[in-house]
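# A structural walkthrough
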Number of protein chains: 2
Amino acid sequence: MRFDEATAAAPLGHGRWSTPVHDGWDIGGNANGGYLLGLAARAMSAAAERPDPVTISAHYLRPGAPGPASVTASVIKTGRRFATVSATLADSEERPILQVLGAFSDLGDASLDGADIERVDATPPDLPPPDDCVRIEGTDTFPPPVMSRIDLRLHPDDALFTTGPSGHPLVRGWFRLLNDEPIDTIALLLAADAFPPTAFNAKLPVAWVPTVELTAHIRARPVPGWLRCEFTTRFVTGGFLEEDGVVWDDSGRLVAQSRQLALLPRG
Amino acid sequence: MRFDEATAAAPLGHGRWSTPVHDGWDIGGNANGGYLLGLAARAMSAAAERPDPVTISAHYLRPGAPGPASVTASVIKTGRRFATVSATLADSEERPILQVLGAFSDLGDASLDGADIERVDATPPDLPPPDDCVRIEGTDTFPPPVMSRIDLRLHPDDALFTTGPSGHPLVRGWFRLLNDEPIDTIALLLAADAFPPTAFNAKLPVAWVPTVELTAHIRARPVPGWLRCEFTTRFVTGGFLEEDGVVWDDSGRLVAQSRQLALLPRG
């Protein structure tokens, strides 16, 4: 199943969309956080009548199991450049799974003032070619099923599933959708939360790292091809950690930045 | 006027608070973004019945002029650890100024699982003592009035107001409230948006850098004393830039991380 089909949002009227959580995008029975955010963003984009989530923040309130779900979206403000939308993704019993706030725009419109001013003090991660990286294949347990829905290749130095944790809170790799499905700006939200946690590479004694909140800035529509992704963590403290992501497209352009705040319950 | 008084939220019932935008916290007549977020957070904290905004995201929809304003807050979910609140700060004509989503908790409760796991791969910025830094004094124009409400000392190498732009998108300095007012976790939101923009030090040809969205993670309550703050930008591209902030307390502990997405209209 394609990502765009798996995140389809069918209008129900009155600011509501039917957004079923599809099978197979999960980790131990609970849908991947980036997939859930994509599902919410698809409905919010329809509400906004703009295609691209320029900045979007999601609070994770409850695991999302496969089954019926819906998004209720309110357009807070529509401006010339942005439409700002608040939304709730809820399960069939109306219990909130995700609360989301996002600004949608049209990143294909190059008329933004200052769009020609460029200064980039970073470079894409240096990765061996995809075929020389470690492809993560989904299983029924671990690696999780969602890995079978995407094509994810880890840098051999960061491939904790095969070579063991590196000791560093760093995960780098390639990402694409299956069967050359184009990566739109909503699929970038999946890329921002699809990689194994940095905490696992850092050998932290944690069982898992549930996301409290994730914010992504989508800076451009990616050109066709692989994405280069890099995730790092600097601050593991007070029962929380942040995970910062940077996503580059095949032309070497920054397309997304992400940051999530996660808990670190002990293993 | 103290920050806590200037961000007081008086309950109006039915999930509404009166939150007047006070005079003097402005930049050219529009209230500082961190101050506005503090105002919203004060009411949201009351709605959440928890003191600390652990992760909070604000979308800036319209400038906030001094005068009557109100916050309407909905508690989306109350859990054992977090209460998640969605809120709108609106002016006297009910036009939204800020749309905010935040999770509130009690950071004084040290029982969080994994709170003893520490790994910090960063150090506070190396700053000369406050008296050897450059104090920014507010004026009626520039530096803006809000600078008279706080005590902000820039690293001499980053003190664009006195020595001119450094050429680097970096701003470091000390922050405290006036008259030894304690800095609570809501005042950290002010610290996260009180410094001059990195874009000015980088000599970008921009008139100003209006915030689209700001997310702050509050990781701990600061001990009394000065805060050490550092703001950086890596990606100026496509008409947007991010500004990342890291805030440390006087004990050398990380207390906040922030990231904002801003526009860069030409000067």
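Report follows, based on the coordinates. Keep in mind the model is a prediction, meaning the values are calculated, not measured. (Residues numbered from 1 in each chain as written. Chains lettered and ligands numbered in written order. Predicted model: local features only at pLDDT ≥ 70, side-chain atom pairs only at ≥ 80, totals over all residues. Heavy atoms only, no water.)

In this complex, chain A contributes 64 residues to the contact, which on the side of chain B involves 64 residues. In total, chain A and chain B occlude about 5,700 Å² of area from one another, counting both sides; carbon and sulfur atoms represent 60% of this. Sorting the residues of chain A by area buried against chain B places A:Ile117, A:Arg119 and A:Arg219 first, and these three jointly supply 13% of that buried surface. Where chain A packs against chain B, one counts 4 salt bridges. For the salt bridge of B:Asp116 with A:Arg266, the shortest nitrogen-to-oxygen distance reads 2.6 Å. Remark: the boundary between chain A and chain B carries 24 residue pairs in polar contact (both at pLDDT 80 or more). In terms of residues, the side of chain A that touches chain B owes the most to one element, strand β17 (residues 254-263) of chain A, which gives 7 residues. In terms of residue class, the side of chain A that touches chain B is made up of 31 nonpolar, 19 polar and 14 charged. Here strand β15 (residues 235-237) of chain A pairs with strand β9 (residues 119-120) of chain B via 2 bridges, running antiparallel. Bridge pairing links A:Val236 to B:Arg119 in β9(B). (Contact = heavy atoms within 4.5 Å. Buried area = accessible area lost by both parts, 1.4 Å probe. Salt bridge = Lys/Arg side-chain N within 4 Å of Asp/Glu carboxyl O. Polar contact = N/O pair within 3.5 Å; in protein donor to acceptor, adjacent residues only side chain to side chain. Helix = DSSP H or I, 4+ residues; strand = E, 2+ residues; numbered from the N terminus. Nonpolar A, V, L, I, M, F, W, Y, C, P; charged D, E, K, R; others polar. Pairing = 2+ DSSP bridges.)

A few words on the pattern of salt bridges. Per the counting criterion, the structure on display carries 32 salt bridges over all chains. A salt bridge links A:Arg172 to A:Asp158; the shortest N-O distance between them is 2.7 Å. Within this pair, whereas A:Arg172 is found in strand β12 (residues 170-177), its partner A:Asp158 is found in the loop between β11 (150-154) and α3 (160-163), the two being separated by 14 residues in sequence. The pair formed by A:Arg172 and A:Asp158 is uniform in burial state, with each residue classed as buried. Across the pair B:Glu242 and A:Arg219 runs a salt bridge whose closest N-O atoms are separated by 3.7 Å. In this pair, B:Glu242 is assigned in strand β16 (residues 240-248) and A:Arg219 in the loop between β13 (211-218) and β14 (227-232), connecting two distinct chains. Side by side, B:Glu242 and A:Arg219 carry an identical accessibility label, which is buried. The network of salt bridges with shared partners includes A:Asp131, A:Arg135, A:Asp151, A:Arg153 and A:Arg176. (Buried < 20%, exposed > 50% of the residue type's maximum accessible area, 1.4 Å probe, protein only.)

Residue and element names in this part refer to chain A. Position of Leu 127 among the secondary structure elements: in the loop between β9 (119-120) and β10 (134-135). Considering only alpha carbons, one finds Leu 127 and Thr 232, 105 residues apart in sequence, at a separation of 15 Å. Setting aside chain neighbours within four positions, we find Leu 127 in contact with His 155, Arg 172, Gly 173, Trp 174 and Arg 228.

A few words on the environment of B:Ala202. Position of B:Ala202 among the secondary structure elements: in the loop between α5 (198-201) and β13 (211-218). With relative accessibility at 9%, the residue B:Ala202 sits in the buried group. For the pair B:Ala202 and B:Cys133, spaced 69 residues apart in sequence, the C-alpha to C-alpha distance is 20 Å. Excluding residues that lie within four positions of it along the chain, B:Ala202 makes contacts with A:Arg119, B:Gly167, B:His168 and B:Pro169.

What follows concerns the pairing of strand β12 (residues 170-177) of chain B. Residues and elements named next belong to chain B. Most of β12 is tucked away, with 7 of its 8 residues classed as buried. With 5 bridges connecting them, strand β11 (residues 150-154) and β12 associate as antiparallel partners. Counterpart to Leu 154 in the pairing with β12 is Gly 173. Note that β12 and strand β14 (residues 227-232) share 6 bridges and pair antiparallel.

Next up on the list: the relation of the copies chain A and chain B. Here chain A sits on chain B after a turn of 180° about the axis and a move of 0.0 Å along it, with an RMSD of 0.0 Å. Expressed as an axis order, the relation between the two copies is that of a two-fold axis. By residue overlap, the copies meet face to face through one surface: 100% of the interface positions of chain A are interface positions in chain B. (Least-squares fit on C-alpha atoms with pLDDT ≥ 70 in both.)

Summarising the element assignment, A:Arg234 is placed in the loop between β14 and β15. Once the C-alpha coordinates of A:Arg234 and A:Leu170 are considered, the two residues, 64 residues apart in sequence, prove to be 9.6 Å apart. Excluding residues within four positions of it along the chain, A:Arg234 makes contact with A:Glu242, B:Arg119, B:Val120, B:Asp121, B:Ala122, B:Val246 and B:Gln257.

One turn of an α-helix holds 3.6 residues; hence residues three or four places apart share an orientation. Residue and element names in this part refer to chain A. Between its first and last C-alpha, helix α2 (residues 33-48) extends 22 Å over 16 residues, near the 22 Å set by a 1.5 Å rise per residue. Where α2 begins, one side-chain oxygen reaches toward the backbone nitrogen of Gly 34, 2.8 Å away; that side chain belongs to Asn 32. With its phi angle positive at about 60°, Glu 49 sits one or two positions after the end of α2. (Expected span 1.5 Å × (residues − 1).)

All names here are of chain B. Looking at the secondary structure, you find Arg 153 in strand β11. What makes Arg 153 buried here is its relative accessible area of 8%. At 3.1 Å, the side chain of Arg 153 and the side chain of Asp 131 are in polar contact. A polar contact of 2.7 Å, which involves the side chain of Arg 153, links it to the side chain of Asp 151.

It is worth spelling out the side chain of B:Arg259 at this point. The residue B:Arg259 is located in strand β17 (residues 254-263) in this model. The exposure class assigned to B:Arg259 is buried, which follows from its relative accessible area of 7%. A distance of 2.7 Å separates the side chain of B:Arg259 from the side chain of B:Asp244, its partner in a polar contact. If we ignore the near neighbours within four places in the chain, the residues touching B:Arg259 are A:His217, A:Asp244, A:Gln257, A:Ser258, A:Arg259, B:Glu213, B:Leu214, B:Thr215, B:Glu242, B:Glu243 and B:Asp244.

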